[in-house]
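Residues per chain are reported as follows:
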Amino acid sequence: MSLLEIPRPSAPQSAVEATPRRLRWLSPANGLWVAMRETPTGDDFAGFVELVQGEFRAHDGQGTFLGAFESRESGRDAIEGAAR
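Residues numbered from 1 in each chain as written. Predicted model: local features only at pLDDT ≥ 70, side-chain atom pairs only at ≥ 80, totals over all residues. Heavy atoms only, no water.

## Some points on the overall build of the protein chain
Helix and strand content of the protein chain: two helices and five strands. Of the regular secondary structure in the protein chain, the N- to C-terminal order runs α-β-β-β-β-β-α. Counting every position in the protein chain, which comprises 84 residues, the buried fraction comes to 21%. The long-range share in the protein chain, meaning contacts at least 24 apart out of those at least 6 apart in sequence, stands at 15%. Summed over all atoms, the accessible surface of the protein chain reaches about 6,500 Å², with 51% contributed by carbon and sulfur. (Helix = DSSP H or I, 4+ residues; strand = E, 2+ residues; numbered from the N terminus. Buried < 20%, exposed > 50% of the residue type's maximum accessible area, 1.4 Å probe, protein only. Contact = heavy atoms within 4.5 Å. Areas by Shrake-Rupley, 256 points an atom, 1.4 Å probe, with all protein chains shown as cover.)

## Brief notes about the confidence of the model for the protein chain
Confidence in the prediction of the protein chain, expressed as mean pLDDT, is 83, and 75% of residues score 70 or more. Mean pLDDT values over the elements of the protein chain span from 44, in helix 1 (residues 15-18), up to 98, in strand 4 (residues 55-60). Long-range and interchain partners of residues 13-19, a stretch whose pLDDT sits below 50, account for three contacts in this model, where long-range means more than four residues apart. (pLDDT = per-residue confidence, 0-100.)

## Focus: the sheet that holds strand 1 (residues 23-29)
Pairing within the open sheet is antiparallel, and its five strands lie in the order 1-2-3-4-5. Edge positions in the sheet fall to strand 1 and strand 5 (65-69), since each of these pairs with one other strand and no more. Averaged over all pairs of adjacent strands, the angle between their axes in this sheet comes to 25°, without regard to strand direction. Of the strand pairs in this sheet, strand 4 and strand 5 are connected by four bridges, and their pairing is antiparallel. Among the inter-strand pairings, alanine 58 is bridged to a residue of strand 5, identified as glycine 67. (Pairing = 2+ DSSP bridges. Axes fitted to C-alpha atoms, helices over the stretch in contact; angles between N-to-C directions.)

And the structure:
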C-alpha cells in the first residue's frame with residue numbers, strides 16, 4: 001500500500017505580501033550603509049553600500065558585487081533595483 005499526496009493549489013498571496021516593500025537603510029559604521037527589507041517573518045538583509053577608496057561599492061543580499069559608483073545614491077539605486 002502506498003500513500004499518494006494530492007497537491008493542493010497554493011493559496012493566493014495576501015495583498016500585504018504581494019506589495020513590494022521599501023528598503024530601510026541603516027549606517028552601522030562610517031562609510032557603510034546596510035539595506036533591510038521588512039517581511040512578514042521579520043527583517044531580511046537586502047544588501048550594502050561601502051565607501052572604499054573613494055568609490056561606493058554595492059553588494060546585494062547574497063553578497064554579489066553590483067558595481068562601483070561615484071555616489072552613495074547610485075549604489076543604493078543598484079541595490080533597490082536588485083531587491084525587486
